[in-house]
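Residue-level structural notes
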Amino acid sequence: MNTWIAIGLTVLGCYAVKFAGLLVPAHTVERPYVRRLAALLPVALLAALTAQQTFADGHTLVLDARAAGLGAAAVALVLRAPFLVVVGAAVVVTAGVRAIGG
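Rules behind the numbers
Residues take numbers from 1 onward in each chain, read along the sequence in its written order. Where totals are concerned, whole chains, interfaces and linings use all residues; where local detail is concerned, this predicted model gives features only for residues with pLDDT of at least 70, and gives and counts side-chain atom pairs only at 80 or more. Side-chain figures throughout are based on the complete set of non-hydrogen atoms in the structure, without hydrogens or water. Patches were defined on residues exceeding 30% relative accessible area and lacking a salt bridge, with like-charge contacts within 9 Å and nonpolar side-chain contacts (Val, Leu, Ile, Met, Phe, Trp, Tyr) within 5 Å. For accessible areas, the Shrake-Rupley method is used with a probe of radius 1.4 Å. Any residue's cover is judged against the shown protein chains and nothing else. Salt bridges are defined by distance alone: a side-chain nitrogen of Lys or Arg within 4 Å of a carboxyl oxygen of Asp or Glu. The secondary structure listing takes helices from DSSP runs of H or I that are at least 4 residues long and strands from runs of E that are at least 2 residues long, numbered from the N terminus. Type-normalised accessible area, obtained with a 1.4 Å probe on protein chains alone, sets the label of each residue: buried when under 20%, exposed when over 50%, and partly exposed for intermediate values. To estimate how far a helix should extend, the number of its residues minus one is multiplied by 1.5 Å. Two axes define the bend at a residue: one fitted to the seven residues ending there, one fitted to the seven starting there, and the bend is the angle between them. UniProt positions are given in the numbering used here, feature names are shortened, and annotations may be inferred rather than shown by experiment. Within this analysis, the arc is defined by the directions that extend from the helix axis to the C-beta atoms. Here, residues are in contact when the closest pair of their heavy atoms is within 4.5 Å.

1. Considerations on a nonpolar patch on the surface
A contiguous nonpolar patch, built from W4, I7, V11 and Y15 and spanning about 480 Å² of accessible area, is present on the exposed surface. As for its placement among the helices and strands, Y15 is situated in helix α1 (residues 3–22). Exposure remark for Y15: the relative accessible area of 58% places this residue in the exposed category.

Written out as structure tokens, the structure is:
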């Protein structure tokens, strides 16, 4: 399949989903359950993506430098460090572990 066809189909799919969301009646969106779900769903999806990108290599689970970087970022977040410090800590620890062969 041509890459541009895949991109075009993805664009059309995104617009279709957005249009379908606009067709949902307002009273449905204003329900407390839907609001709570809309607030928590992006966090859950981002956490799942982070876990998959950190601990997976194809179809196998791995524990490598990426896990150490994620741990460093978690510690920085617990210490309430600014975002750039969190990212920097993750980068430095990941690079350090890879440099020593981990």
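Here the narrative resumes.
2. Notes on the pattern of salt bridges
Here the structure, examined in full by the defined rule, presents one salt bridge. Note that R66 and D64 form a salt bridge whose closest N and O atoms lie 3.3 Å from each other. A relative accessible area of 25% places R66 in the partly exposed class. Judged by its relative accessible area of 26%, D64 falls in the partly exposed class.

3. A word on helix α3 (residues 32–55)
With 24 residues, α3 ought to run about 34 Å at 1.5 Å a step, and its terminal C-alpha atoms sit 34 Å apart, in line with that. Remark: the principal bend of α3, roughly 30°, maps to L40, with a proline, P42, within the next four residues.

4. Some thoughts on the UniProt feature "transmembrane region" (unreviewed entry) in the chain
In the numbering adopted here, UniProt assigns the feature "transmembrane region" (unreviewed entry) to residues 6–25, 37–55 and 67–97. From the first C-alpha to the last, residues 37–55 spans 26 Å; its make-up is 100% helix and 0% strand. Helix makes up 87% of residues 67–97 and strand 0%, whereas the separation of the span's terminal C-alpha atoms amounts to 10 Å.

5. Comments concerning helix α5 (residues 83–99)
Given a rise of 1.5 Å per residue, 17 residues ought to cover 24 Å, and the 24 Å separating the end C-alpha atoms of α5 matches this to within 8%. Those residues of α5 that sit buried are V86, A90 and T94. Around the axis of α5, the buried residues are gathered within 55° of arc, so they sit on the same side. Along α5, the residues that are exposed and aim more than 90 degrees away from the buried face are L84, V91, V92 and A99. Looking at the packing, one finds that the buried side of α5 touches α4 (65–78). Looking at the residues trailing α5, positive phi occurs at G101, about 95°.

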